[in-house]
Structures are given as C-alpha cells and as structure tokens.
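Each chain, letter by letter, is given below.
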Amino acid sequence: MDCRIVTIPGDGIGPEIVREACKVLDKVARVYGHSFHYKEVLMGGCSIDAYGVPLTEEALETARQSDAVLLGAVGGNVGNSRWYDVAPNLRPEAGLLAIRKGLNLFANIRPAYLYRELAEACPLKKEIIGEGFDMVIMRELTGGLYFGERHTEEVGGVLQATDTLTYNETEIRRIAVKAFDIARKRRKSVISVDKANVLDSSRLWRKVVEEVAKDYPEVKLEHMLVDNCAMQLVMNPGQFDVVLTENMFGDILSDEASMITGSIGMLSSASLNESKFGMYEPSHGSAPDIAGKDLANPIATILSAAMMLRYSFDLDKEADAIEAAVQKVLTEGYRTTDIMSEGCTKVGTAQMGDLIAERI
Ligand code: IPM
Ligand code: MG
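Residues numbered from 1 in each chain as written. Chains lettered and ligands numbered in written order. Predicted model: local features only at pLDDT ≥ 70, side-chain atom pairs only at ≥ 80, totals over all residues. Heavy atoms only, no water.

(A) Just unusual backbone geometry, in detail. For Asn-104, which is not glycine, the phi dihedral falls at a positive 60°. Residue position: Asn-104 is located in the loop between helix H5 (92-102) and strand E4 (107-113). Positive phi values are uncommon outside glycine, yet Asp-294 reaches one of about 60°. (Helix = DSSP H or I, 4+ residues; strand = E, 2+ residues; numbered from the N terminus.)

Structure (structure tokens):
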C-alpha cells in the first residue's frame, strides 16, 4: 500500500517523538511491503517563528491533500513572549484548533488503558483498580465552547467576557454514531456524559444520543452527569467502555482518564472526519522542559501511528504488530524515565524507538 503521510513535528519534544514513530512505521513498511511517503509541515510555535502565524494556509492545504496526518505536539512555556504575548488567535494552540476545524476532525478518540506492567504507576488504590480498565473517550472536537462566538467588552465600566456553547443535532448525531460504531466492536456500552440538569445544549445532546442508540439495540446506553463522571473515573474506572462527550468535558475528562493510567506518555489519540482521513497525535503536550534531552516517552506517538494504520489505512495486522511490540518492550522491562520503576531498565527516547522497531 502507498500512503501519503503529512508529519507535523511541532514544538518541544514533538520532533523527537515523531522521529521515533516514523522509525517504527518504516520498519512496518519494510516488513509488510508498504510505502509511506512523508511530507513535513510546520505548526505551532515553530510556524510562528518561521511565518508569523501558527498554521499557514499552505500547511493546512498540504495536510488536506494527504491520506493522514501524524502530529507531535505544539506549544511552549507561556513565559515565551514570542509565542504568547500576541493575540489568542496567533498563539501556537490556535494552530491546533485551526487544523481540527479546517480538516473537519470532529471525532476525537482517546483510549485510556491500564498496562499491567504499569499498574504501580497508577495513583489509585489496588482495590479500586481491580481487574484494571480499558476505556475509550470519544470527544466531540469541532464544536461547543471551543468554537462558539466569544468576545470581551466593557459594560458599565466593568470588563465582561463571553464564550458561547452551541451544538446542533447534526454535530451531535455524527459523533454519537462514531461512538456507537466503536462500542459495537468493543464491550458494547456507551456512557454519554453531559450536564443536562443545567444546560440546554446537554438536553439536546441527550435527546439526539437516545435517537442514535435506537439503531444500536445491542449497545447499552447510559447517561451520566459530568461532575459524577469525574468522580466515577477515580472511584470505579472499570465501569467505562466508551465515554461519549462534548468538546470541553472531553478535554477535561480525558486528562483525568489518562492520569489514572499512570503516565500520559502512553496515550495515543485519533481525530477523524466523516471519511477515513484522520490526524493522529499523542494525548500529551510538548513538554518544553525536557525537549531535546532524549527523555521523552515516544510510546504515545508510536501507538498513535498504530491507530493511523488501523483507522485511516485499514492495516489492522500492522497496527496489531506495533501494539504487540510496545507490549513486548514493557514486558521485557524497558522504561523511559516517566514510567521507570525499580528493577526495570531505563532507556532514552531513541532507544525506546529502536527497541519497538526491532520487535516488529
Ligand atoms: C488537548 C489540548 C488542547 C485542547 C489545547 C492545547 C488547545 O488540551 O488536545 O486536549 O484543549 O483541546
Ligand atoms: Mg487537553
């Protein structure tokens, strides 16, 4: 198979983790007889430095012409005045929002899975962890508060800021359909998270999700209020299979879910549109404090590359091979600093990439 992949290394640790993911993809290409053609574009702070904007039209267009996008991370220290003493729509993160919207990537899939080997790093008590957990957060990514009208004004001599939260039924339906499709292939449960006791947008969310559920009689649907969900995630994480939620709640809950897996350095994510096209990136940020020191954990990005093979290219066998290789290096006791524990072998970013590639 011939695939055109746009890589966006971005800022901070982005370039080094994307390098390792490409190393692993190249090994997959050799073993299974595929050709992956890469084209690199700038986004985030590096794009601000080069072009004065976090995402150029040209970069967006290049991404649009590709089969899939592999992203590292964008952003830096807020103290970096070159990137942050500018209007919000010119900061590094604005590039990320612009590419999500520009490519219509409305479905953000964030798996949160506890590796047996990393159970020690899980901050929850053993009796709460139980048999472990394996959930997928399905976050709506191009609507809600992130993209609503916003402004700051002075009203009667007092500053006032407004952000608006809007969802229409089409936006809700398409993300719900993705969630149920995924649940059907997993443990057949969807927990839809909202704030229907307060918000109109949540009441519409509930109504539309219930309509979609009728087409999936084999999948069990439950509704959960977002505050309760935040609590349940640390009280009984094993109850979650697919968690379906809107943009802002998904942002917050996915950080919480990733924390209980022990390391955010392990979590991949996929952002998809209606077709097979997607952007794949680790769930973590650009970690500028450890950039360039060979300390970053490349596993989240490598697993994101596996998701790319699975969702955009239908290369399930190859995706399985990457996931199995990651599992193998963990079983063999190799750890980057963030997941290091006693008796294990500490390795750097590049060596972790080598070890995983060798096992494919
Ligand atoms: C995420 C990040 C982004 C978001 C930021 C960087 C804008 O936190 O992908 O979860 O809020 O969506
Ligand atoms: Mg976030």
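There is more to say after this.
(B) Spotlight on the pairing of strand E7 (residues 158-163). For E7, the tally of buried residues reaches only zero of six residues, placing the bulk of the element at the surface. In textbook terms, the turn of a hairpin is the stretch between consecutive antiparallel strands, and for strand E6 (residues 150-155) and E7 this stretch comprises two residues, one of which, Gly-156, has a positive phi near 55°. (Buried < 20%, exposed > 50% of the residue type's maximum accessible area, 1.4 Å probe, protein only. Pairing = 2+ DSSP bridges.)

(C) Region of the structure containing the nonpolar core. Counting residues in each nonpolar core, the largest one holds 64 residues, and the members touching the most others are Phe-36, Leu-70, Met-138, Leu-244, Leu-309 and Ile-356. When residues in this core are grouped by element, the largest group, eight residues, is from helix H11 (residues 299-311). In contact with Met-138, not counting residues within four places along its chain, are Ala-107, Asn-108, Ile-109, Ile-175, Lys-178, Ala-179, Ile-182, Val-242, Val-243, Leu-244 and Thr-245. Counting 20 residues, the second-largest nonpolar core is a separate cluster that includes Ile-129, Met-135, Leu-233 and Leu-253. (Core = buried A, V, L, I, M, F, W, Y, C linked by side-chain atoms within 4.5 Å. Contact = heavy atoms within 4.5 Å.)

(D) Fine view of the site of ligand 1. Around ligand 1 sit Glu-93, Arg-100, Arg-110, Arg-139, Tyr-146 and Asp-251, and that is every residue in its neighbourhood. In this structure, Arg-139 approaches ligand 1 through a side-chain N or O atom, which is 2.9 Å from an oxygen atom. Between ligand 1 and Tyr-146, the relevant distance is 2.6 Å, taken from an oxygen atom to a side-chain nitrogen or oxygen of the residue. A total of 320 Å² of accessible area belongs to ligand 1 in isolation, and the protein chains cover 73% of it. Taken together, the residues that form the shell around ligand 1 break down as one nonpolar, no polar and five charged. (Near = heavy atom within 4 Å. Polar contact = N/O pair within 3.5 Å; in protein donor to acceptor, adjacent residues only side chain to side chain. Areas by Shrake-Rupley, 256 points an atom, 1.4 Å probe, with all protein chains shown as cover. Nonpolar A, V, L, I, M, F, W, Y, C, P; charged D, E, K, R; others polar.)

(E) Representation of the pairing of strand E10 (residues 242-245) in the model. Neither face of E10 is left uncovered, since the one carrying Val-242 and Leu-244 and the one carrying Val-243 and Thr-245 both have all their residues buried. As judged from the four bridges shared by strand E5 (residues 134-140) and E10, these two strands associate in the parallel manner. When the sheet's bridge partners are listed, Arg-139 is paired in E10 with Thr-245. Pairing between strand E8 (residues 189-194) and E10: four bridges, direction parallel. Across the sheet, Val-190 pairs through a bridge with Val-242, a residue of E10.

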